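Overview (structure and organization)
Listed below, chain by chain, are the residues.
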Amino acid sequence: RGASLTPGRLDVSVVICTYTEERWERLAAAIASVRGQSRPATETIVAVDHCPPLARRLRTAFPDVVVVASTGRPGLSGARNAGLALATGDVVAFLDDDATAARDWLERLAGGYEADDVVGVGGAVLPAWETGRPPWFPAEFDWVVGCSYTGLPRARAPVRNLIGANMSFRREVFELVGGFSEGLGRLGTRPLGCEETELAIRIRQRRPESRLLYEPAAVVHHHVPRQRARWRYFGARCYAE
């Protein structure tokens, strides 16, 4: 139903996935950044990946947020699918639990849906280094820490796939191709990924004429903890990719 609506009339649901109480302060900041959007979200859904104490704490602390416990396969993909199942917006946007969105984030993402063949819009993910960028860490490899990297378009343009910490899709596309593959993606702290890439490939197979857009003006800031600024993580994440 979203394809016939102009960007200004699109309803946007936001899904934040989380799995541990250890990130509570960052999760609260992520929720606050969604609450403060210049273009309000239709709803904010927090999908909890098999952590009942966290789900209970969220329901008490944030009564205006929809909290859903993932009952699928443990991992980020299963949590995303749990959030998707409850989303009612024309567009579903995803934000990581350790990222905060700029005030005009949803406004910028929604603006990318001007053409009916655009089925997804993602934005820039800027690293917020806990201990500063290591001198040996090139910006071309910022994808290793889940962020935008040197080589992506500098203006709105089509791309093969979006970055998980800052992406959105027309909800109708999931009705066509299904959700995220629960056999792929991050599980806890294991440095796996590629579920967004696999979804993008599946979309293009079913709708070859469709486009995914990268909109660098839609910005989120992604926390990079000190352990991800080490050679050990860099090697493990590259190997997993």
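Everything below is about the structure shown above.
Residues numbered from 1 in each chain as written. Predicted model: local features only at pLDDT ≥ 70, side-chain atom pairs only at ≥ 80, totals over all residues. Heavy atoms only, no water.

Notes on the overall build of the protein
Summing up its helical and strand segments, the protein has 7 helices and 9 strands in all. For 241 residues, the compact-globule formula gives about 18 Å, and the C-alpha radius of gyration of the protein, at 17 Å, lands near that figure. Counting only C-alpha atoms, the protein reaches 45 × 45 × 35 Å along its principal axes. A buried classification covers 54% of the 241 residues belonging to the protein. A sequence separation of at least 24 residues applies to 77% of the contacts in the protein between residues at least 6 apart. Looking at the protein as shown, the accessible area adds up to about 10900 Å², and 52% of this sits on carbon and sulfur atoms. (Helix = DSSP H or I, 4+ residues; strand = E, 2+ residues; numbered from the N terminus. Rg over C-alpha atoms; globule rule 2.2 N^0.38 Å. Buried < 20%, exposed > 50% of the residue type's maximum accessible area, 1.4 Å probe, protein only. Contact = heavy atoms within 4.5 Å. Areas by Shrake-Rupley, 256 points an atom, 1.4 Å probe, with all protein chains shown as cover.)

Considering the packing of aromatic side chains
Two descriptors summarise a pair of aromatic rings, namely the distance from one centre to the other and the angle between the planes of the rings. Counting across every chain of the model gives 12 aromatic pairs. Here the aromatic rings of Trp-136 and Phe-137 are separated by 5.3 Å at their centres, their planes lie at 35°, and the arrangement is tilted. Of the residues examined, Phe-137 reaches a relative accessible area of 3% and is grouped as buried. Where Phe-141 meets Phe-234, the ring centres are 5.3 Å apart and the plane angle is 45°; that geometry is what we call tilted. Taken as a pair, Phe-141 in the loop between β6 (118-129) and β7 (157-159) and Phe-234 in helix α7 (residues 231-240) lie far apart in primary sequence, 93 residues in all. Of the residues examined, Phe-141 reaches a relative accessible area of 32% and is grouped as partly exposed. Grouping aromatic residues by their ring pairs yields a cluster made of Trp-129, Trp-136, Phe-137, Phe-141, Trp-143, Trp-231 and Phe-234. Across the ring face of Phe-180, the terminal group of Arg-80 is positioned such that the distance to the ring centre comes to 5.2 Å. (Phe/Tyr/Trp six-rings, centres within 6.5 Å; stacked < 30°, edge-to-face > 60°. Lys NZ or Arg CZ within 6 Å of the ring centre and 35° of its normal.)

What to know about the packing of helix α1 (residues 24-35) against helix α2 (residues 52-61)
Packed helices, taken two at a time, are described by the angle between their axes plus the distance between the axes. The interhelical angle for the contact between α1 and α2, taken along N-to-C directions, is 45°, at an axis separation of 13 Å. Between α1 and α2, the interaxial angle falls into the category oblique. Crossing geometry of α1 relative to α2 is assigned as right-handed. Residues Trp-24, Leu-27 and Ile-31 of α1 lie in contact with α2, whose contacting residues are Leu-54, Arg-57, Leu-58 and Ala-61. Here the residues of the contact of α1 with α2 sort into 6 nonpolar, no polar and 1 charged. (Axes fitted to C-alpha atoms, helices over the stretch in contact; angles between N-to-C directions. Parallel < 35°, antiparallel > 145°, perpendicular 65-115°, else oblique. Left-handed = near helix turned anticlockwise from the far one by under 90°. Nonpolar A, V, L, I, M, F, W, Y, C, P; charged D, E, K, R; others polar.)

Points about the environment of Val-46
Here Val-46 lies in strand β2 (residues 43-48). For Val-46, a relative accessible area of 0% translates into the label buried. The residues contacting Val-46, other than those within four sequence positions of it, are Ile-16, Thr-18, Leu-27, Ile-31, Leu-58, Val-65, Val-66, Val-67 and Val-68.

Here's the deal with α1
Across its 12 residues, α1 extends 16 Å between first and last C-alpha, which sits within 8% of the 16 Å expected from 1.5 Å per residue. On the buried face of α1, the contacting elements are β1 (12-18), β2, α2, β4 (91-96), β5 (99-101) and α4 (105-111). (Expected span 1.5 Å × (residues − 1).)

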